[in-house]
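Observations on chain architecture
So the chains spell out like this:
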Amino acid sequence: NYHLLTSLSQAINQVSASRQKHTLPDLTYDYGALEPHICAEIMQLHHSKHHATYVNNLNVTEEKYKEALAKGDVTAQVALQPALKFNGGGHINHTIFWTNLSPNGGGEPQGELMEAIKRDFGSFQTMKEKMSAATVAVQGSGWGWLGYDKDGGRLRIAACANQDPLQGTTGLIPLLGIDVWEHAYYLQYKNVRPDYVKAIWNAINWDNVSERLQAAKM
């Protein structure tokens, strides 16, 4: 019985440990489904290689962080913060990004989201232009975002460097993100970032963005 209990407890520990691990989310569409706006090769590399690397590195960093916490090693905890922010942000950002895109995307949002856009930006076209400009203007690598300011009850546009997560660094709740790391577009658009940003609007899943706004308001 003792051996049974020991092996059972070990099995439970293994399950709980594996549950805490972050995993690469599956896409709800094929890698080629967003063509011609984003080619299959970019999607495959971006999802199965780049996002997977953030997930793996986040898990490794969290393990080290747990060890540092257990030892009460504050110096090690502080030293691990940049890796947590970078890989954690990369995982958070890309998990949102894949759902923001759809083979049936594009067009204009409907209902409450459209009303909020018109209220806060004047028109959908103005919001698109402002978000595109902010996204194209990101220096080096980063993201352009449409976020929800819960305190002010309004939509805002923001840009974040590297993989800095929007909510963790600005307090805005992310609704729509455009990735402007070169790995997101270079194979297809080379160094012409504005063409990529213009094209990606044809793949935006406005239903997903609307759902995120509803959830943010709760």
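Before any of the text, the structure's been laid out above.
Notes on the structure in this doc start here. Not measured: the values here are computed from a predicted model. (Residues numbered from 1 in each chain as written. Predicted model: local features only at pLDDT ≥ 70, side-chain atom pairs only at ≥ 80, totals over all residues. Heavy atoms only, no water.)

Looking at the pairing of strand 1 (residues 142-149)
Extensive coverage of strand 1 is indicated by the burial of 8 of its 8 residues. On strand 1, burial covers both faces: Gly142, Gly144, Leu146 and Tyr148 on one face and Trp143, Trp145, Gly147 and Asp149 on the other are all buried. Across 8 bridges, strand 1 lies against strand 2 (residues 154-161) in antiparallel orientation. The residue of strand 2 that forms the bridge with Leu146 is Ile157. Counted along the chain from strand 1 to the antiparallel partner strand 2, the turn is 4 residues long, and its residue Gly153 has a positive phi close to 65°. In the sheet, strand 1 pairs with strand 3 (residues 173-179) via 6 bridges, with the strands oriented antiparallel. Its bridge partner lying in strand 3, Trp143 is registered against Asp179. (Buried < 20%, exposed > 50% of the residue type's maximum accessible area, 1.4 Å probe, protein only. Helix = DSSP H or I, 4+ residues; strand = E, 2+ residues; numbered from the N terminus. Pairing = 2+ DSSP bridges.)

Overview of the pattern of salt bridges
One pass over the structure, following the stated rule, counts 6 salt bridges. Notably, a salt bridge pairs Lys21 with Glu63, separated by 3.7 Å at the nearest N-O pair. One end of the pair, Lys21, is in the loop between helix 1 (2-20) and helix 2 (40-71); the other, Glu63, is in helix 2, and 42 residues separate them in sequence. Since its relative accessible area comes to 37%, Lys21 is described here as partly exposed. Glu63 sits in the partly exposed class, given a relative accessible area of 33%. Put simply, Lys85 and Asp164 hold a salt bridge, and the shortest N to O gap is 3.8 Å. Placement of the pair is Lys85 in helix 3 (residues 74-100) and Asp164 in the loop between strand 2 and helix 6 (166-170), with a sequence separation of 79 residues. A cluster of three or more residues bridged by salt bridges with shared partners is formed by Lys21, Glu63 and Lys66. (Salt bridge = Lys/Arg side-chain N within 4 Å of Asp/Glu carboxyl O.)

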